[in-house]
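Spelled out from the first residue to the last, the chains are:
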Amino acid sequence: MWSSSTQTTKSALARCHGMPAAVVTGSSRGIGKAIALRFADDGYDVAVNYRSSADAADAVVDEIRDRGQAAVAVGADVSNADAAARLVDAAADAFGGVDHVVNNAGVDQHVVTEDLEPSDFDRIMDVNVNSAFAVTKAALPFLHASTADPSVTNVSSILAHTGAAIECHYAASKGALLSLTRSHARDFAPGIRVNAVAPGHVETDMTGDRSPAEKREELAAIPVDRYGRPDEIADAVAYLRDATFVTGETLNVNGGELMC
Ligand code: NAP
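Residues numbered from 1 in each chain as written. Predicted model: local features only at pLDDT ≥ 70, side-chain atom pairs only at ≥ 80, totals over all residues. Heavy atoms only, no water.

Formally: UniProt positions are given in the numbering used here, feature names are shortened, and annotations may be inferred rather than shown by experiment.
An unreviewed UniProt entry annotates the protein chain as 3-oxoacyl-[acyl-carrier protein] reductase originating from Natrarchaeobaculum sulfurireducens. Recorded in UniProt under Sequence similarities (unreviewed entry), the annotation for the protein chain is "Belongs to the short-chain dehydrogenases/reductases (SDR) family."

Here's what the structure looks like:
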């Protein structure tokens, strides 16, 4: 799936200015958007991926261009391996290569195991884990060819460590993402570094459904007494992107929640 603006932008961009380029999955909103903008601030061209929010993705592209970087919006459901490959190809076509991948796209679902359907379990795994495998695999030839210290960053969750009573499939998917991170770090060394960020609670649409009582309960477990901001997660991703001696690591960013 392509947005019409993507088609136009793609042919117009045929990369010539030699900037490093990144693919950020799920970057129309929330944490992914903050990561995409941070990469633009740091001099990267960015492929902004979305599943259904074409207008929001186009707005992120505009913000990136306002920062002086090139960008394309690419509609692709990254839980589908063919679509994931099309996303990577679109980025490579637009920018002449891919130097960094951020596997950020993710969905959650609150349901107790007794009511959880196997198809829901599969869907969460497809979006949160299989997508990271598919996008990373598709990007490998470009990452291997990169001379810009290529790396991959996977966005996991604090729930990978703690588990979660009403979203076991989400927690399991985020745990699998950490194993995938360490496995790919070994697979692709020494050429490509692979790390993960595991955020705690962050103010995005994903956490926007909390009742005041639920939010109070969650805040009681966070020593800094607030949710994180998307840009604070983007800071961690940028650190891992630039940390030339770090691979196979998970950076926990949670306001102290994990130590409690
Ligand atoms: P969000 O605000 O709900 O945004 C999700 C993003 O992912 C959107 O851009 C969405 O695209 C995209 N997306 C979802 N499914 C997709 C698919 N199949 N293919 C392509 N794009 C897809 O979520 P968020 O809070 O920013 O979360 C970002 C990541 O951080 C997720 O992996 C999440 O699990 C993780 N995380 C979040 C928190 C938190 O508290 N928010 C905590 C820990 C970890 P559309 O706009 O087109 O739907």
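Right, picking up where we left off after that structure.
**Thoughts on the pattern of salt bridges**
The criterion, for reference: Definition used for salt bridges: Asp or Glu carboxyl oxygen within 4 Å of a side-chain nitrogen of Lys or Arg. Buried means the residue's accessible area, taken with a 1.4 Å probe over protein chains only, is under 20% of the maximum for its type, while exposed means over 50%, and partly exposed covers the values in between.
On inspection of all chains with the given rule, the structure shows 15 salt bridges. Among the salt bridges present, the one from Glu-63 reaches Arg-67, with a minimum N-O distance of 3.7 Å. With a relative accessible area of 36%, Arg-67 lands in the partly exposed category. With a shortest N-O distance of 2.8 Å, Arg-210 and Glu-218 are connected by a salt bridge. For the residue pair Arg-210 and Glu-218, the accessibility class agrees, reading buried in each case. Each of Arg-38, Asp-42, Asp-235, Arg-241 and Asp-242 takes part in one network of salt bridges that share partners.

**A short note on the sheet that holds strand E1 (residues 21-24)**
Paired through their backbone hydrogen bonds, the strands of a sheet run either parallel or antiparallel. What counts here: Between any two strands, at least two bridges found by DSSP are needed for them to pair. Every helix listed is a DSSP run of H or I at least four residues long, and every strand listed is a run of E at least two residues long, numbered separately from the N terminus. What counts as an axis is a line fitted to C-alpha atoms, over the stretch in contact for a helix, and the angles between N-to-C directions run from 0 to 180 degrees. Note on contacts: a residue pair is in contact if any heavy atoms of the two residues lie within 4.5 Å.
Taken together, seven strands build an open sheet; the order of strands is E3-E2-E1-E4-E5-E6-E7 and the sheet is parallel. The sheet is open, and its two borders are formed by strand E3 (71-75) and strand E7 (250-253), each paired with just one other strand. The average undirected angle you get between the axes of adjacent strands in this sheet is 15°. Sheet topology places E1 next to strand E2 (residues 45-50); four bridges connect them, and they run parallel. Residue pairing across strands places Ala-22 opposite Val-46, the latter belonging to E2. Contacts from helix H2 (residues 30-41) reach E1, E2, strand E4 (100-103) and strand E5 (151-155) within the one sheet, and its direction differs from that of E1 by about 175°.

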